[in-house]
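# Topology and contacts: notes
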Amino acid sequence: MRKLFYGYWIVVFGFVTLAVNNGLSFYGFAVLNKPVADELGWSRSAVTAGFSAYIIGAAVSSLISGKIADRYGPRLTMALGIAVNALSFFLLSGTRTVAGFWVLYFITGIGLPLLGPIPVGVVITRWFHRLRGTMQGLAFTGIGVGGLVFAPLIGNGLVPRFGWRTTYLIMAFLLLAIMIPLVWFGFRNRPEDKGLRPFGWAGADGAAAPGFSAEPAGDFDLRHALGTGTFWIIALTFALYGMAFNAGFQNQVSILTGHGFHAADAVDAIGLIGLC
């Protein structure tokens, strides 16, 4: 019986990583901001500014996460993300000031790309020469599934039972308990680490990739990309999507409960958005 190519497990690990990372930090904020604001007496705008700090931190981190992954490997990049986010969740459990909340969510934002699509995309690219887009697409569905799983778990399970402060501690524990074994025992930076070759490479899976060349595509680099209209169209599309989606999404629980919906139903709606 032919042994399953280990790259498929890398895709599964990537799926779980994105589900846990985005489910706890991104979707977690959406269901935690209201109980935090209610207990501490903060305005909606003050709490939402924490998400702005989160996005700024993610933007800053995105500029360097790729370089870290390329130079030191995706596993080390993910390990940094685990450490940053676990520490920020732990400290958020004790936050008492708006400024402290903003700073800690800025730090959480830094951890998002370190444990997000950048290192996952890099490691999948190294394991697959054929089916790269398909495998990345499968792994990236974990982002939405993370919302479907963790938003109700946090908003309807943990917060009502333990309160938001203890919930942040549980989130830190879940992140460490799931991700440390996954990064340490599961992920491998490249197929050569297990004596394999990328999927689609001659001899790796029994089929060579037609027309594939392992050589870089000429001297096309970041400087050349920045000079193309296609790059800026893609960048603008992501920017507009982020502004339109995040502005309402992170306040959805407050908006829905303000219009008479039950808090549990509002939280469930957050999770269902993950499927869209």
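Our structure's up above, just so we're on the same page.
Residues numbered from 1 in each chain as written. Predicted model: local features only at pLDDT ≥ 70, side-chain atom pairs only at ≥ 80, totals over all residues. Heavy atoms only, no water.

### Brief notes about the overall build of the protein chain
In plain terms, the rule: Numbering goes from the N terminus for both helices and strands, where a helix is a DSSP run of H or I of at least four residues and a strand is a run of E of at least two. Only protein chains enter the accessibility calculation, which uses a 1.4 Å probe; a residue is then buried when its area is under 20% of its type maximum, exposed when over 50%, and partly exposed in between. Contacts are assigned to residue pairs that have any heavy atoms within 4.5 Å of one another. Surface exposure here means Shrake-Rupley accessible area, sampled with a 1.4 Å probe, where a residue is shielded only by the protein chains that are shown.
Scanning the protein chain for helices and strands turns up 11 helices and 0 strands. Ordered by position in the sequence, the α and β elements of the protein chain form the string α-α-α-α-α-α-α-α-α-α-α. In the protein chain, buried positions account for 44% of the 276 residues. In the protein chain, the proportion of contacts linking residues at least 24 apart, taken out of those at least 6 apart, comes to 79%. Within the structure as shown, the protein chain displays about 13900 Å² of accessible surface, and the carbon and sulfur contribution to it stands at 69%.

### Re the pattern of salt bridges
It is possible for side chains of opposite charge to pair when their charged atoms get near one another. As a reminder, the rule being used: What makes a salt bridge here is a side-chain nitrogen of Lys or Arg within 4 Å of a carboxyl oxygen of Asp or Glu, nothing more.
Scanning the entire structure with this criterion turns up 2 salt bridges. Here Arg-165 and Glu-39 are joined by a salt bridge, their closest N and O atoms 3.6 Å apart. Residue Arg-165 is found in helix α7 (residues 164-186), and its partner Glu-39 is found in helix α1 (residues 6-40); the two are separated by 126 residues along the sequence. According to the relative accessible area criterion, Arg-165 is buried, its value standing at 17%. Among the residues examined, Glu-39 registers a relative accessible area of 49% and is labelled partly exposed.

### Here's the deal with the environment of Gly-137
Tracing the chain through its elements places Gly-137 in helix α6 (residues 132-162). Gly-137 gets classed as partly exposed once you look at its relative accessible area, which sits at 34%. Taking C-alpha positions, Gly-137 is 9.4 Å from Val-11, a pair spaced 126 residues apart along the chain.

### Comments concerning the environment of Phe-51
By the secondary structure assignment, Phe-51 is in helix α2 (residues 44-72). Since its relative accessible area comes to 5%, Phe-51 is described here as buried. Residues Phe-51 and Phe-26, spaced 25 residues apart in sequence, show a C-alpha to C-alpha distance of 8.9 Å.

### Points about the nonpolar core
The cut-off we apply is this: Among buried residues, the Ala, Val, Leu, Ile, Met, Phe, Trp, Tyr and Cys ones that are joined through side-chain atoms within 4.5 Å form a nonpolar core.
Phe-101, Ile-124, Ile-154 and Tyr-168 are the most contacted members of the largest nonpolar core, which totals 60 residues. When contributions to this core are tallied by element, the ones reaching two or more residues are α1, α2, α3 (74-92), α4 (98-114), α5 (117-127), α6, α7 and α11 (263-273). Here this core takes 15 residues from α1, the largest share from any one element.

### Topic: the side chain of Ser-93
Put simply, the test is: Polar contact criterion, stated in full: a pair of N or O atoms within 3.5 Å, where within protein one must be able to donate a hydrogen and the other to accept it, and residues adjacent in sequence count only if both atoms are side-chain atoms.
Tracing the sequence through the fold places Ser-93 in the loop between α3 and α4. Overall, the relative accessible area of 13% leaves Ser-93 in the buried class. Within the local environment of Ser-93, its side chain forms a polar contact with the backbone oxygen of Phe-90, the two atoms lying 2.5 Å apart. If sequence neighbours within four positions are ignored, Ser-93 has contacts with Trp-164, Arg-165, Tyr-168 and Leu-169.

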